[in-house]
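The primary structure of each chain is shown beneath.
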Amino acid sequence: MHGFIRSAVILVGAIAVAAGLASCAGAAEKVIDHTADSVTLAPGEALVIDFGEVNSSVGEDWEITQEPDAAVLGRGEERSRYLGEDGMTGAPSEVTYRFAPAGEGTTVIEFEYRFRGEIPEDPEDQKTAKIEVTVK
């Protein structure tokens, strides 16, 4: 019985170490600014596009207007980190979009800045991002 318990403890310890290593390994990511024109990724490397501070509480948003080719990159996942203090409203968030790799090739992703769901009327406030992504 003592040998069985010792084996079980060793097995549990090995599983814990393996799980810890797997969580540290995580998928490789390349972070670029939304103003970049192009980027090259290694196979298996995810793309993260940084839009900086966006204040959705006043109606700011970046919308995907052209999805990437699904054979090259998966659908974008918006991520945000609120910059205000707990209980505070109206502060901006740091916004990124993450695209998981799907295969080799070249594709284009396009975004458009929106204010309260619309393209701003003032041409100076109209912003787009068009990024050519190559995975090789």
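Refer to the structure presented above.
Residues numbered from 1 in each chain as written. Predicted model: local features only at pLDDT ≥ 70, side-chain atom pairs only at ≥ 80, totals over all residues. Heavy atoms only, no water.

A. How the structure looks around the overall build of the protein chain. When you go through the protein chain residue by residue, the secondary structure sums to one helix and eight strands. Order of helices (α) and strands (β) in the protein chain, N terminus to C terminus: α-β-β-β-β-β-β-β-β. Of all 136 residues assigned to the protein chain, the portion counted as buried reaches 28%. Residue pairs at least 24 apart in sequence account for 63% of intrachain contacts in the protein chain once pairs closer than 6 positions are excluded. (Helix = DSSP H or I, 4+ residues; strand = E, 2+ residues; numbered from the N terminus. Buried < 20%, exposed > 50% of the residue type's maximum accessible area, 1.4 Å probe, protein only. Contact = heavy atoms within 4.5 Å.)

B. Just the pattern of salt bridges, in detail. What the rule picks out here adds up to seven salt bridges. For Glu63, the salt bridge goes to Arg114, with nearest N and O atoms at 3.6 Å. One end of the pair, Glu63, is in strand β4 (residues 60-66); the other, Arg114, is in strand β7 (residues 105-115), with 51 residues separating them in the sequence. Glu63 sits in the partly exposed class, given a relative accessible area of 34%. Residues participating in the shared-partner salt-bridge network are Glu29, Glu77, Arg79 and Arg98. (Salt bridge = Lys/Arg side-chain N within 4 Å of Asp/Glu carboxyl O.)

C. The sheet that holds β7, seen in detail. The strand order across the open sheet built from four strands is β2-β8-β7-β4, with neighbouring strands paired in mixed fashion. Whereas interior strands pair on both sides, the edge strands pair on one side only; in this sheet they are β2 (38-41) and β4. Here the average twist between neighbouring strands, direction ignored, is 25 degrees. (Pairing = 2+ DSSP bridges. Axes fitted to C-alpha atoms, helices over the stretch in contact; angles between N-to-C directions.)

D. Unusual backbone geometry, seen in detail. Even without glycine at this site, Arg116 takes up a positive phi of about 55 degrees. For Arg116, a relative accessible area of 62% gives the class exposed.

E. Examining the pairing of strand β3 (residues 46-54) more closely. Sheet analysis places strand β1 (residues 29-33) next to β3, joined by five bridges and oriented parallel. When the bridges of β3 are listed, Lys30 appears paired with Leu47. For β3 and strand β6 (residues 93-99), the ladder comprises six bridges, and the chain directions are antiparallel. The partner of Val48 across the bridge, within β6, is Arg98.

F. View of the sheet that holds β3. An order of β1-β3-β6-β5 is seen for the four strands of this open sheet, with the pairing classed as mixed. Each of the sheet's edge strands pairs with one partner strand only, and the pair in question is β1 and β5 (77-82). Taken over all neighbouring pairs, the strand axes of this sheet differ in orientation by 25 degrees on average, direction set aside.

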